[in-house]
Amino acid sequence: MAIAPTFLRTLSSSVRIFPPIISPLVAPQNSVLPPIHHRRAFRLKGVSLVEKRKLGCCGVKASMATTAAEKGGDKKKVEVFDTEEDLAVSLAKYTADLSEKFSKERGAFTVVLSGGSLIKSLRKLLEPPYIDSIEWSKWHVFWVDERVVPKDHVDSNYKLAYDGFLSKIPLLPGNVYAINDALSAEGAADDYETCLKHLVKINVIDLSAASGFPKFDLVLLGMGPDGHVASLFPGHPLLKENEKWVTFIKDSPKPPPERITFTFPVVNSSAYIALVVAGAGKAGVVQTALGNSQNSDKLPVQMVSPEGELTWFLDKAAASKL
Ligand SMILES: O=C(O)[C@H](O)[C@@H](O)[C@H](O)[C@H](O)COP(=O)(O)O
């Protein structure tokens, strides 16, 4: 993998924007999306099914339950797909629609990535029609969390996203905001927060009038089998951080131990959050998060409650205990 060793431009003495990632389009122009399998109606216990919606250009349908969250009156949608393939098709349409909306409204689309299997679930964006129709030049790409390792290290979330997604789309130079991996965890978190502050100042990132924290257009979150999101782990004091935008952890229970992460106030100031969860290994925690059981200590995933809209994208296996 070729990762340019130099930074493209320097915003301040400490803030660096990672190099341009411009590569040729890779998707064949005339390829067709694979056939979509049937899906069955699905009702979540304790959640009224109020809407069935046709999704996508490809005839994808999903059962979707919409419910008002218990507190705050915010909207939470849960979509369950027969297969992860169907989930990926729907996630691509959802992302493309938001890209169009924010590109028109704001002239920019700020997208926050996680690590893990999420990157693979974005693969349909690399195919027609999206590879051709999305205004990639409007995209600004961030990470909700990053492991403090070199960018070409196998553990790097940047490398994962670059290899599987970013290297295959024509983003503009300077619009991919990776951490400064030459710094300590603490230094990298400060550096990233300084970068976000600058981008808020120049109106690339929106600011939430309600919270005073940055308001990203779309945060794409994965979830660990323990219920962690970003690098916010169950029972960790960082769950309570309410001042910093970006912080660091040196004792992550999931290796590697040193990471930086957005804090909950930032995650929850977002306009849209997609929680993308697939596989039977996540069914227990999905049940805890979305079922009727009352757990006294909230899991991190249960603390996700955006200013805007939260949509769960589940495959049948992840939803099997609901
Ligand atoms: O840096 C990380 O460790 C990841 O960002 C992590 O938070 C990931 O998103 C979840 O663990 C879900 O990962 P999977 O989808 O691969 O289970």
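For the structure, check the block above.
Residues numbered from 1 in each chain as written. Predicted model: local features only at pLDDT ≥ 70, side-chain atom pairs only at ≥ 80, totals over all residues. Heavy atoms only, no water.

A. Examining the overall build of the protein chain more closely. Counting its regular elements, the protein chain contains seven helices and 15 strands. Residues classed as buried in the protein chain amount to 53% of the 322 residues present. For the protein chain, contacts bridging at least 24 residues in sequence account for 72% of all contacts bridging at least 6. For the protein chain, the exposed surface amounts to about 13700 Å²; the carbon and sulfur share of it is 52%. (Helix = DSSP H or I, 4+ residues; strand = E, 2+ residues; numbered from the N terminus. Buried < 20%, exposed > 50% of the residue type's maximum accessible area, 1.4 Å probe, protein only. Contact = heavy atoms within 4.5 Å. Areas by Shrake-Rupley, 256 points an atom, 1.4 Å probe, with all protein chains shown as cover.)

B. Region of the structure containing the nonpolar core. Counting residues in hydrophobic clusters, the biggest one holds 92 residues, and the most contacted among them are Phe 262, Trp 312 and Leu 314. Element by element, the count of residues in this core is highest for helix H5 (residues 185–201), at eight residues. When near neighbours in sequence (up to four residues on either side) are disregarded, Leu 314 contacts Val 78, Glu 79, Val 80, Phe 81, Leu 87, Val 277, Val 286, Leu 290, Ala 319 and Leu 322. (Core = buried A, V, L, I, M, F, W, Y, C linked by side-chain atoms within 4.5 Å.)

C. Main features of the environment of Tyr 94. Position of Tyr 94 relative to the elements: it lies in helix H1 (residues 84–106). For Tyr 94 and Ala 274, which are 180 residues apart along the polypeptide, the C-alpha to C-alpha distance reads 9.0 Å. Excluding residues that lie within four positions of it along the chain, Tyr 94 makes contacts with Leu 218, Tyr 272, Ile 273, Ala 274, Thr 311 and Phe 313.

D. A look at the environment of Val 144. Along the polypeptide, Val 144 turns up in the loop between strand E7 (139–143) and strand E8 (145–147). Sequence separation between Val 144 and Val 246 is 102 residues; the distance between their C-alpha atoms is 8.9 Å. With sequence-adjacent residues up to four places away left out, Val 144 is seen in contact with Val 112, Leu 113, Ser 114, Val 219, Leu 221, Ala 230, Ile 260, Thr 261, Phe 262 and Val 267.

E. Seen up close, the side chain of Ser 103. Relative to the helices and strands, Ser 103 resides in helix H1. By relative accessible area, Ser 103 is classed as buried at 6%. At 2.6 Å, the side chain of Ser 103 forms a polar contact with the backbone oxygen of Ser 99. Those residues in contact with Ser 103 that lie beyond four places of it in its chain are Ala 108, Phe 109, Glu 135 and Lys 138. (Polar contact = N/O pair within 3.5 Å; in protein donor to acceptor, adjacent residues only side chain to side chain.)

F. Molecular detail of the pattern of salt bridges. The full count for this structure, using the stated rule, is 16 salt bridges. Across the pair Lys 124 and Glu 85 runs a salt bridge whose closest N-O atoms are separated by 2.6 Å. One end of the pair, Lys 124, is in the loop between helix H2 (118–121) and helix H3 (130–133); the other, Glu 85, is in helix H1, and 39 residues separate them in sequence. It is possible to trace a salt-bridge network through shared partners that takes in Glu 84, Glu 85, Arg 123, Lys 124 and Glu 127. (Salt bridge = Lys/Arg side-chain N within 4 Å of Asp/Glu carboxyl O.)

G. Spotlight on the site of the ligand. Of all residues adjacent to the ligand, which total 15 residues, the nearest are Ser 117, Asp 145, Arg 147, Lys 254 and Lys 282. In this structure, Gly 115 approaches the ligand through a main-chain N or O atom, which is 2.9 Å from an oxygen atom. Contact distances for the ligand include 3.0 Å between an oxygen atom and a side-chain N or O atom of Asn 157. Taken together, the residues that form the shell around the ligand break down as two nonpolar, eight polar and five charged. (Near = heavy atom within 4 Å. Nonpolar A, V, L, I, M, F, W, Y, C, P; charged D, E, K, R; others polar.)

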